[in-house]
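# An overview of the molecular structure
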Amino acid sequence: MKRAAKNRTKRRKLHHAPPGTAPGNILVREDALSPKIRVMEFDAVSLNERELNGISELNAFLSVSTGKIRWIDVHGFGSHSFIEQLADLFGVHRLQMEDVVNVYQRPKAEELSGQLFLISRSVNETLHGLEDAQVSLFVGENYVLTVQEKYEDQLDPVRNRLRQLTGNFKTHGADYLAYAIMDTVLDHFYPVLEKLGEKLDDLQDELLANPSRSALDHVLSTKKELLLLRRIIWSERDKFNDILRSSFKVIKEESKIYIRDSYDHCIQLLDLVESYREVTASLMDVYHSSVSNRLNQVMKVLTIISTIFIPLTFVVGVYGMNFAPIDPESGATLAYNMPELYSPYGYLSVMLIMLVMVVFQIVFFVKKGWLTKN
Amino acid sequence: MKRAAKNRTKRRKLHHAPPGTAPGNILVREDALSPKIRVMEFDAVSLNERELNGISELNAFLSVSTGKIRWIDVHGFGSHSFIEQLADLFGVHRLQMEDVVNVYQRPKAEELSGQLFLISRSVNETLHGLEDAQVSLFVGENYVLTVQEKYEDQLDPVRNRLRQLTGNFKTHGADYLAYAIMDTVLDHFYPVLEKLGEKLDDLQDELLANPSRSALDHVLSTKKELLLLRRIIWSERDKFNDILRSSFKVIKEESKIYIRDSYDHCIQLLDLVESYREVTASLMDVYHSSVSNRLNQVMKVLTIISTIFIPLTFVVGVYGMNFAPIDPESGATLAYNMPELYSPYGYLSVMLIMLVMVVFQIVFFVKKGWLTKN
Amino acid sequence: MKRAAKNRTKRRKLHHAPPGTAPGNILVREDALSPKIRVMEFDAVSLNERELNGISELNAFLSVSTGKIRWIDVHGFGSHSFIEQLADLFGVHRLQMEDVVNVYQRPKAEELSGQLFLISRSVNETLHGLEDAQVSLFVGENYVLTVQEKYEDQLDPVRNRLRQLTGNFKTHGADYLAYAIMDTVLDHFYPVLEKLGEKLDDLQDELLANPSRSALDHVLSTKKELLLLRRIIWSERDKFNDILRSSFKVIKEESKIYIRDSYDHCIQLLDLVESYREVTASLMDVYHSSVSNRLNQVMKVLTIISTIFIPLTFVVGVYGMNFAPIDPESGATLAYNMPELYSPYGYLSVMLIMLVMVVFQIVFFVKKGWLTKN
Amino acid sequence: MKRAAKNRTKRRKLHHAPPGTAPGNILVREDALSPKIRVMEFDAVSLNERELNGISELNAFLSVSTGKIRWIDVHGFGSHSFIEQLADLFGVHRLQMEDVVNVYQRPKAEELSGQLFLISRSVNETLHGLEDAQVSLFVGENYVLTVQEKYEDQLDPVRNRLRQLTGNFKTHGADYLAYAIMDTVLDHFYPVLEKLGEKLDDLQDELLANPSRSALDHVLSTKKELLLLRRIIWSERDKFNDILRSSFKVIKEESKIYIRDSYDHCIQLLDLVESYREVTASLMDVYHSSVSNRLNQVMKVLTIISTIFIPLTFVVGVYGMNFAPIDPESGATLAYNMPELYSPYGYLSVMLIMLVMVVFQIVFFVKKGWLTKN
Amino acid sequence: MKRAAKNRTKRRKLHHAPPGTAPGNILVREDALSPKIRVMEFDAVSLNERELNGISELNAFLSVSTGKIRWIDVHGFGSHSFIEQLADLFGVHRLQMEDVVNVYQRPKAEELSGQLFLISRSVNETLHGLEDAQVSLFVGENYVLTVQEKYEDQLDPVRNRLRQLTGNFKTHGADYLAYAIMDTVLDHFYPVLEKLGEKLDDLQDELLANPSRSALDHVLSTKKELLLLRRIIWSERDKFNDILRSSFKVIKEESKIYIRDSYDHCIQLLDLVESYREVTASLMDVYHSSVSNRLNQVMKVLTIISTIFIPLTFVVGVYGMNFAPIDPESGATLAYNMPELYSPYGYLSVMLIMLVMVVFQIVFFVKKGWLTKN
């Protein structure tokens with residue numbers, strides 16, 4: 001039982017302020033990481049990358065307009081005051097900043113006073129199971145602000161492509177950068193699903209060989225993970241669809257083909273999740289069939305042994321009866337009382353008869369197919 | 001059986017007037033609490049709070065226009081005449097007042113002659129299970145009227161924030177107050193769901209250890225509670241969506257971002273409810289698997305014991321047969337009748353043979369994996 | 001089996017003309033009741049109620065225009081010619097009259113040449129189970145024609161309210177009367193569902209105590225009834241929704257709040273039906289769990305008895321073997337052949353050993369929890 | 001097994017040209033019936049009916065315009081060239097003619113160059129199960145062309161009504177004729193469903209009495225038939241809905257009330273199909289419950305017999321032990337070795353004790369309720 | 001277990017670039033086939049077909065405008081540079097070319113700068129199960145470019161019809177050619193589904209005869225294949241629907257009737273898939289019923305044998321008891337100790353009594369129906 005309790009997927013806790021807390025009341029947790037700010041500023045020809053120290057440096061940096069695209073990349077929520085100042089600097093509504101800090105929110109796209117607020121949600125494969133991750137983006141005319149809870153993230157491929165300033169970054173604006181970030185986050189679902197698929201393959205083998213309780217636990221926890229993934233990816237799909245359908249100011253028409261590509265990826269991922277969900281349903285069928293198969297095996301052994309030996313035991317019981325050949329009082333011969341016992345070949349005959357019975361029964365079982373492995 | 005009957009979740013009764021009762025016929029129950037009226041009147045700089053005694057004082061209070069935002073906060077339905085007068089005072093349609101009194105209604109938003117009628121529904125965790133609660137709101141240009149059945153409610157956090165006159169209350173109107181009330185009611189679903197989640201965790205442990213009938217009862221009653229919660233939250237979601245989509249006169253455009261936040265909370269709560277519903281489905285799987293596992297264990301014990309001892313019993317039965325070594329009449333030796341019985345090591349040989357049989361069978365069971373715990 | 005056959009819910013027969021019958025061909029059944037016509041004529045100040053004899057009197061009555069609202073209330077279809085004349089009198093299309101006579105139709109709302117045709121469907125609780133009822137309404141500017149199959153109906157509360165000429169009847173028109181009729185019909189679902197709920201409570205107790213076949217039959221038949229109710233109420237909901245959405249000429253805008261109230265009642269009823277459907281699903285789970293529990297109990301008894309006595313029987317079988325202590329021919333002592341039989345405490349020792357075996361097994365069963373009631 | 005294979009519902013084969021065949025390539029099967037052409041020409045006052053011989057006569061007939069409504073009624077596809085000429089005569093697109101010949105298509109309504117193409121699908125009850133039927137209609141301003149595969153059809157009631165020239169035929173046009181044909185085809189689902197309903201009733205009785213494999217087969221095949229019916233009627237519903245929603249040129253506004261009536265019939269039929277589908281689901285529950293009930297019965301018999309006799313067998317085994325009363329060597333009395341055997345009432349006491357054991361066990365079984373029929 | 005592992009349907013791997021790869025980064029696999037280019041150029045009177053060697057020849061071919069319709073038919077992706085040049089030549093967006101190369105994508109229709117991009121997905125029946133296939137089409141005013149991964153494809157029927165220049169090719173443009181290609185691909189689902197149907201028939205026979213694990217595996221893998229087919233055909237349906245609804249520049253209005261025909265085929269295929277999915281669900285029912293039937297059979301054999309022989313064994317055990325007729329010490333006659341043993345017909349009477357018992361039991365079993373095959 002202890003093992004089972006350990007196996008149990010941790011129930012995901014919602015970080016939620018106590019009921020009645022004022023809206024937009026940003027609760028930064030005590031153990032929040034101190035913020036790191038990195039900015040990357042680029043145009044078609046050059047890229048400039050630096051780390052900034054605190055809000056004041058960021059403020060100074062932002063006050064100089066260069067006409068270049070800027071990516072302000074914040075890791076760690078720091079403190080309440082830091083988050084408030086950051087919100088003020090970019091004109092972020094308190095409710096939106098609440099969504100940034102209260103991880104984990106559903107992916108969404110929301111425009112407010114010309115600034116697009118995007119939430120991308122992802123899942124990291126860690127040693128202890130799936131771990132949530134959230135990237136919050138604020139996209140303006142020529143900047144992207146990303147805020148994340150932890151230092152490590154999934155965006156290094158974007159940074160590297162940016163450093164090489166290849167391809168589309170040169171010719172596209174901040175909206176393409178936002179797309180690149182969201183698409184990279186989305187891409188991380190592929191290896192996660194690939195691993196889940198392998199796990200399901202292993203489970204199928206295990207369930208066929210031995211329908212154990214722990215295998216069942218794994219199927220059920222995988223089902224739960226798939227449900228979580230489905231919900232997240234479905235929201236991602238909705239987000240990309242919203243961007244495609246709405247005419248957000250900062251998303252240029254020529255960037256929509258990229259958004260549509262991400263949308264297609266969501267559909268593909270959802271297809272995958274659905275087919276894995278079907279697999280888990282099949283695994284439940286396999287499990288139940290294995291269990292009832294095992295019961296069948298047990299009962300067949302019992303029935304075969306009982307059916308063979310119970311009649312034999314009766315036969316030998318017959319010849320264990322003490323019907324007397326001679327009346328103890330009168331001494332008269334009781335000739336009808338088990339004369340077999342006194343026949344010279346009585347014993348051998350009985351043994352032979354029993355052998356014949358066993359042979360007949362075995363033939364019966366073979367014909368029933370009970371002696372072959374199912 | 002008595003225990004089971006006690007465990008049973010009480011079926012929720014609908015309070016409904018007898019068929020054919022005229023619509024808008026407000027049936028205040030005999031045991032309704034006598035009404036308490038508290039008003040809070042505030043603008044950006046000050047707040048004025050008082051308790052009023054009966055409809056006449058309320059009438060007097062309302063007749064003086066101050067330009068401030070007012071929250072008229074009524075607890076207890078009192079009597080039919082009280083409710084009628086209250087309705088007249090605020091120009092409330094009889095059908096709406098019926099919804100106020102006939103708790104519990106589905107959450108909804110309805111505009112009638114410029115006044116917005118809102119129903120918020122919630123659930124309180126009590127010792128005896130979940131208990132329904134309903135807050136009815138009438139929102140005008142510069143007032144909010146709330147009517148509730150009982151004295152205690154969930155709105156103290158709003159009152160306290162109002163008393164401190166912090167944040168948004170200063171700058172927003174009656175619509176923000178209405179939002180704050182509805183959002184606080186909605187927030188109370190979080191701890192309820194958190195408790196349900198813990199209960200499901202405990203049930204999972206219990207079902208794995210011992211698939212008892214009472215654990216099954218708990219799963220089924222939890223399923224029922226989740227269904228109820230889902231229905232209520234779904235209606236809340238619809239209500240907030242209605243407010244977002246419709247252009248109700250009293251809801252200002254800049255307040256909609258708050259409504260949207262509540263809407264997002266509904267979605268989040270529904271996600272949670274759905275994942276708990278999946279957990280209950282999994283628990284049913286665990287239950288059935290535990291039950292069939294237990295049957296398997298029982299049958300394995302039976303089969304092992306029978307398979308070992310039935311053949312042995314046959315063997316000892318054989319040597320319990322009374323085939324005579326000597327014909328009682330002629331006295332002739334019947335040499336083929338069980339000579340084993342008269343061999344010096346007959347007994348020991350038979351015992352040895354039976355030991356070998358047992359060893360073989362145990363090896364068979366070990367190979368089948370029947371002796372290891374499932 | 002006979003009992004089961006009796007228990008069976010009667011399959012509802014559709015009254016349908018043979019294939020290829022011309023549309024609008026009104027087939028009044030031979031055993032149709034002779035028609036009773038009652039008219040109620042009222043305005044804000046007075047009500048006039050009378051019974052009319054046949055179509056000609058009705059014709060005479062209708063030919064005099066009084067400007068009052070009229071309710072022509074027909075019970076019994078009479079004959080083909082009566083129905084035809086009635087249709088002609090009110091300008092009813094033959095297809096609509098077919099729907100009136102071919103009970104039971106789905107609730108619907110249909111406007112034709114300025115006259116609104118409404119079907120309300122209800123269910124009466126009778127001794128023999130649920131019984132369908134249908135009220136067909138034709139609503140004009142200042143009249144309502146209702147046609148029903150039987151004499152007794154559910155509309156007496158409306159008539160009584162009308163006779164007292166209370167409330168809304170004075171100030172509203174024919175549309176309000178139509179609403180009052182439909183709402184009263186709808187109200188009758190509440191007691192029906194309340195009874196079903198009580199029946200489900202009883203079934204739950206019964207299934208836990210004794211998972212009998214007849215209890216299962218009741219669950220299945222209740223499931224069927226719920227399905228029927230759901231279908232009817234769903235159509236009622238659609239009907240009210242149609243009235244709300246369409247702009248039927250005879251429905252005034254200020255009456256729509258009443259229609260919306262009926263619509264809300266439908267939603268509430270559907271919620272109830274859905275939750276009862278979930279209960280029946282849970283009851284099936286309870287049933288299956290009770291059945292497998294019972295099998296478990298049976299198998300446990302078998303296993304306990306077998307496991308205790310089969311080894312004991314083997315032991316006593318051993319000492320029933322006839323290995324001879326003395327060679328019958330040579331008279332030599334065979335000292336290894338069951339010396340226990342000749343030991344002074346042999347019998348007592350064997351009895352003691354068997355007692356110890358039983359104690360061990362009972363300890364094993366207690367530890368397994370097989371001796372406690374599940 | 002052979003029986004099972006026979007019972008199996010024949011899988012419906014799709015008649016489909018090999019992949020890559022050019023579209024509109026009309027493949028008339030070798031064994032197609034030679035075409036019979038009947039025309040009925042009528043107006044408000046008279047009807048003229050004749051049989052035509054081949055395309056040329058039909059061509060001649062059509063070339064004379066009379067202003068009357070014409071029904072050209074073709075049975076049998078004849079040959080490729082016949083079908084091609086027919087298509088040319090009525091200006092039918094090759095793809096549509098393909099749908100006419102490649103029975104069985106989904107019901108649909110399609111307008112092309114002012115001519116409405118309708119497919120009606122039906123099912124005939126035959127000795128060998130359900131048999132598909134398809135009526136293809138081409139409706140123009142003043143003609144209806146119907147094409148069917150076989151000679152016998154379901155349209156005789158329409159022809160008869162036409163011959164009597166009753167009712168609506170006089171006053172309505174070709175669209176009413178088309179409606180009458182489609183409605184008659186649709187009507188034939190009622191008796192089919194009525195038969196299915198009776199079959200389900202019988203199956204329920206059979207399953208309760210004896211949950212045999214063949215009854216299960218019948219349930220599963222009925223489920224399949226219901227699925228087929230549902231799909232067809234659903235498409236019919238869509239077709240009538242299309243006609244109602246679209247403004248096809250040949251369908252006059254005043255005919256739509258008839259189409260709406262057919263639409264209502266579809267809904268009614270679908271309701272029926274759905275409720276039968278629920279019944280089959282219930283029957284599966286009944287089957288599974290009967291099977292597990294039977295297993296329960298079997299196990300109870302085994303357990304009762306075993307539980308009564310295994311302990312008794314142990315008792316008699318005890319007194320079959322050979323513990324010697326006298327040491328064979330020393331002749332000493334072994335007083336503790338089974339003195340019961342030498343007590344005057346030993347045998348009777350043991351018999352009595354066993355009787356008491358049996359009585360106790362029977363009381364136990366009665367209390368458990370195992371001796372009463374479930 | 002090995003067998004099971006082999007039976008397992010290979011999980012379909014997604015070819016997906018590592019997360020964070022730049023979009024439109026076309027990854028041609030190392031082992032891609034070298035490209036073969038065939039062009040077919042035709043108008044109403046003549047067709048010209050040739051094979052081109054590499055991009056340069058293709059470039060030259062395209063640079064000469066002839067006003068004819070051209071089909072550029074590319075097999076094999078060759079290398080990255082080949083694909084890039086091909087994209088440049090036809091003005092294909094990099095993201096679209098990524099979809100061409102990263103097989104297998106969902107079917108879709110996408111217009112970009114006047115060129116329509118279509119993906120058709122199909123499935124080939126091979127020896128090793130179903131194998132995916134994808135045809136990517138780019139359709140312009142007077143050309144169709146198809147790109148496929150492998151040399152062999154399903155389009156030979158189109159080429160042959162084109163070579164004969166029959167029917168619609170003469171009069172229709174590039175859009176008809178694109179339709180012909182997509183329709184041919186779609187047609188290949190028919191034989192695949194036909195085979196699946198036959199497989200399901202065989203499985204049903206097998207499951208009834210012997211509910212083996214491998215048959216279950218086949219059902220589950222068939223279920224998976226049907227799921228895959230459903231997903232693909234559903235997307236095909238969406239694609240054709242998109243073409244019908246959107247007004248893509250290159251699709252002429254008169255070609256839409258053909259697209260609609262393909263759309264109808266999709267619906268028909270989906271109907272088929274759905275009915276097969278129902279069949280697999282029924283097969284699961286059959287499987288479970290066969291398994292529980294088999295367990296029933298096993299238990300019946302056990303119960304019959306036990307019930308007959310256990311009481312008999314008790315009876316013979318009674319007469320194997322050693323109650324002494326004479327007190328060994330006093331020599332007194334113990335007349336109540338088993339006098340039957342000394343009656344002349346004791347043995348015969350006991351044998352007779354047992355025979356009667358067996359007869360009674362057999363009568364009981366016959367009445368219960370346990371001796372007839374289920």
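On to the confidence of the model for chain A, then. Residues and elements named next belong to chain A. Per-residue confidence for chain A averages 88 on the pLDDT scale, and 95% of its residues sit at or above 70. Ranking the elements of chain A by mean pLDDT puts helix H1 (residues 2–7) last, at 42, and strand E7 (residues 143–148) first, at 96. Across residues 1–9, confidence stays below pLDDT 50; counting only partners more than four residues off in sequence or on other chains, it has twelve contacts. The ipTM for the predicted assembly is 0.81, set against a pTM of 0.85.

You can overlay chain C on chain B at an RMSD of 0.1 Å; the transform is a turn of 72 degrees with a shift of 0.0 Å along its axis. The operation mapping one copy onto its partner corresponds to a five-fold rotation axis. Considering only C-alpha atoms, the part of chain C nearest the rotation axis is Gly 320 of chain C, at 4.6 Å. In this assembly the copies use different faces: only 14% of the residues contributing to the interface of chain C also contribute to that of chain B.

A few words on the interface of chain C and chain B. Between chain C and chain B, the residue contacts involve 58 residues of the former and 51 residues of the latter. With 27 residues, the top contributor of residues to the side of chain C that touches chain B is helix H10 (residues 256–318) of chain C. Here the residues of the side of chain C that touches chain B are counted per class, giving 23 nonpolar, 23 polar and twelve charged.

What follows is about the sheet that holds strand E5 (residues 115–126) of chain C. All names here are of chain C. Strand order in the open sheet formed by seven strands is E2-E1-E3-E7-E6-E5-E4, with mixed pairing between adjacent strands. A single partner strand is all that each edge strand has here, and the edge strands are strand E2 (47–52) and strand E4 (108–112). Pairs of neighbouring strands in the sheet enclose a mean axial angle of 20 degrees, with direction left out of account. Note: E5 against strand E6 (residues 129–139), eleven bridges, orientation antiparallel. Opposite Thr 126, over in E6, you have Gly 129 as the bridge partner. Taken strand by strand, helix H2 (residues 54–63) contacts strand E1 (36–42), E2 and strand E3 (69–75), and its axis lies near 155 degrees from that of E2.

Right, let's talk about unusual backbone geometry for a bit. Peptide bonds are, in most cases, trans, and in most cases residues other than glycine have a negative phi. All names here are of chain D. Val 103 connects to Tyr 104 through a cis peptide bond whose omega is 10 degrees. Within the fold, Tyr 104 resides in the loop between helix H4 (94–101) and strand E4 (108–112). Residues other than glycine seldom take positive phi values, yet Met 338 does so here, at roughly 55 degrees. By the element assignment, Met 338 lies in the loop between helix H10 (256–318) and helix H11 (346–368).

What counts, and where the lines are drawn
Residues numbered from 1 in each chain as written. Chains lettered and ligands numbered in written order. Predicted model: local features only at pLDDT ≥ 70, side-chain atom pairs only at ≥ 80, totals over all residues. pLDDT = per-residue confidence, 0-100. Helix = DSSP H or I, 4+ residues; strand = E, 2+ residues; numbered from the N terminus. Contact = placed C-beta atoms within 7 Å. Least-squares fit on C-alpha atoms with pLDDT ≥ 70 in both. Nonpolar A, V, L, I, M, F, W, Y, C, P; charged D, E, K, R; others polar. Pairing = 2+ DSSP bridges. Axes fitted to C-alpha atoms, helices over the stretch in contact; angles between N-to-C directions.

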